[in-house]
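A look at the structure
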Amino acid sequence: MDSLERKLLRKVYVKETKKSSLKLIKWLQSTGLLRHKIKCKKCKKKMKMVASQSRDHYIWECRRKKCGRLRRSVRTESVFSQSHCSLFTWMKYIHRFAQGLHLRQVDMLQDGIAKSTATLSMMSKKLRRVCLKSLKKHQKKKKQRVGGVNVLVHIDESKFCHKRKYARGRFGNTWKRKRSWVFGILEIKSARRRPILRLVKKRNKETLVPIIKKHVKRQSLVVSDEWKAYASLSQEGYKHVRVNHSKNYVDPQTGLHTQNLERAWQTYKMQIWRMRGNRSEKTLKQHLCFIEWTHWLARTYKHGVLGRLLKDIRNNYHRSV
Ligand SMILES: [Zn+2]
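Residues numbered from 1 in each chain as written. Predicted model: local features only at pLDDT ≥ 70, side-chain atom pairs only at ≥ 80, totals over all residues.

Once that is clear, we can look at the overall build of the chain. On a plain count of helices and strands, the chain comes out with 9 helices and 8 strands. Burial status across the chain gives 30% buried among its 321 residues. Restricting to contacts in the chain with at least 6 residues of sequence separation, those with at least 24 account for 55%. (Helix = DSSP H or I, 4+ residues; strand = E, 2+ residues; numbered from the N terminus. Buried ≥ 20, exposed ≤ 12 C-beta atoms within 10 Å, placed from the backbone. Contact = placed C-beta atoms within 7 Å.)

Quick look at the structure:
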């Protein structure tokens, strides 16, 4: 457990009192999750944080006469605004979210982290949106390229079930169960795994090869199954090895095996099943993005997944007041 996690746990797993609230608020202000100064909307001068009867036990107040004790929540312009659960609940949830493993809602209700599934869904939705935004920004800036000379890159397609919306019939939208392909690229570089997961309607050459060319550097050692869409990869400048999945895992000539990818696929699939939601095309896409966020940005971050999450929340809600 790193110090950040320890600090968080020490502040939230305590009895909620005025004193512990102030400690938590101060800490959240120091990490940038809550604003540490707020300007009065009327006089544009600094407000003061004072004790109050409000849910958070503290509130921002302007005590200048002409402003008439104008008040604003300590949650102003933060991830916690417009929600009713306590900051303690929020931070417990954020901790669990960063851990990733114990996200089952049943467990969290049992552990008393939140009182309703609606609260949990709202929190998870907010946090997931933060991660998504952060990944999109990274993709735009860094282009998300994997591989390189002799770097091992596995590619594969897998079927995922999801719902798709159809705008037809007299009564507008209907939902249908649909199966599409998730095309996966997985870079394996010593202990690091970096996946790129894309929802595709077809798994033909016209769809898959452009995705490979966009994300995988030439000269990479690309391992795939014998699917015909991959036939042209060696002409595209890749060292392409095809492995027969059904016969044996290890290719007798090259010694390469597909176990890594199959194991990774299973993990990703389980992660997706575990996540709640109606698993529409949109939610499936979001889950794939979230998995990418975990591997590309969070696990490699110097202060770990929790640190990355706090950083992304901070950046997402940082606006000048
Ligand atoms: Zn004022």
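Once you've had a look at it, read on.
All right, on to the nonpolar core then. Residues Trp-90, Tyr-93, Ile-94, Val-153, Ile-185, Val-222 and Leu-309 are the most contacted members of the largest nonpolar core, which totals 65 residues. When residues no more than four places from it in sequence are discounted, the contact partners of Leu-309 are Ile-94, Phe-97, Ala-98 and Ala-298. (Core = buried A, V, L, I, M, F, W, Y, C linked by C-beta atoms within 7 Å.)

It is worth spelling out the packing of helix α5 (residues 117-142) against helix α8 (residues 281-298) at this point. Their axes nearest at 9 Å, the elements α5 and α8 cross at an angle of 65 degrees. With respect to their mutual orientation, α5 and α8 come out roughly perpendicular. Read as a crossing pair, α5 and α8 show a hand that is left-handed. Taking contact as the criterion, the partners of Arg-128, Cys-131, Leu-132, Ser-134, Leu-135 and His-138 in α5 are, on α8, Gln-286, Cys-289, Phe-290, Glu-292, Trp-293, Trp-296 and Leu-297. Of the residues that constitute the contact of α5 with α8, the class distribution is 8 nonpolar, 3 polar and 2 charged. (Axes fitted to C-alpha atoms, helices over the stretch in contact; angles between N-to-C directions. Parallel < 35°, antiparallel > 145°, perpendicular 65-115°, else oblique. Left-handed = near helix turned anticlockwise from the far one by under 90°. Nonpolar A, V, L, I, M, F, W, Y, C, P; charged D, E, K, R; others polar.)

The subject of this paragraph is the sheet that holds strand β3 (residues 70-73). The antiparallel open sheet is built from 3 strands, whose spatial order is β1-β2-β3. Each of the sheet's edge strands pairs with one partner strand only, and the pair in question is β1 (48-51) and β3. Here the average twist between neighbouring strands, direction ignored, is 40 degrees. Where β1 lies against strand β2 (residues 58-62), 4 bridges are found, and the strand directions are antiparallel. Within β2, the position partnered with Val-50 by the bridge is Ile-59. (Pairing = 2+ DSSP bridges.)

Geometry of a packed helix pair, given as the angle between the helix axes and the separation of the axes. Contact pair α8 / helix α9 (residues 304-317): the axes reach a minimum separation of 10 Å and the direction vectors enclose 100 degrees. The pairing of α8 with α9 is recorded here as roughly perpendicular in orientation. Listed contacts from α9 to Thr-294, Leu-297 and Ala-298 of α8 are Val-305, Arg-308 and Leu-309.

The residue Lys-44 is not glycine, and still its phi comes out positive at about 60 degrees. Tracing the backbone through its elements, the reader meets Lys-44 in the loop between α2 (18-31) and β1. Residue class for Lys-44 comes out exposed when judged on the 9 C-beta atoms lying within 10 Å of it.

For α2, built from 14 residues, the straight-helix expectation of 20 Å at 1.5 Å per residue is met to within 8% by its first-to-last C-alpha distance of 20 Å. Among the residues of α2, those classed as buried are Ser-21, Leu-24, Ile-25 and Leu-28. Buried residues in α2, looked at end-on, bunch into an arc of 100 degrees, giving them a common side. Summarising the geometry of α2, the exposed residues directed more than 90 degrees from the buried face are Lys-19 and Ser-30. Close packing links the buried residues of α2 with α1 (3-12), β2 and α3 (87-99). Backbone geometry just downstream of α2 places Gly-32 in the positive-phi region, at approximately 90 degrees. (Expected span 1.5 Å × (residues − 1). Arc of directions from axis to C-beta.)

Limitation: the analysis is restricted to geometry and does not speak to function.
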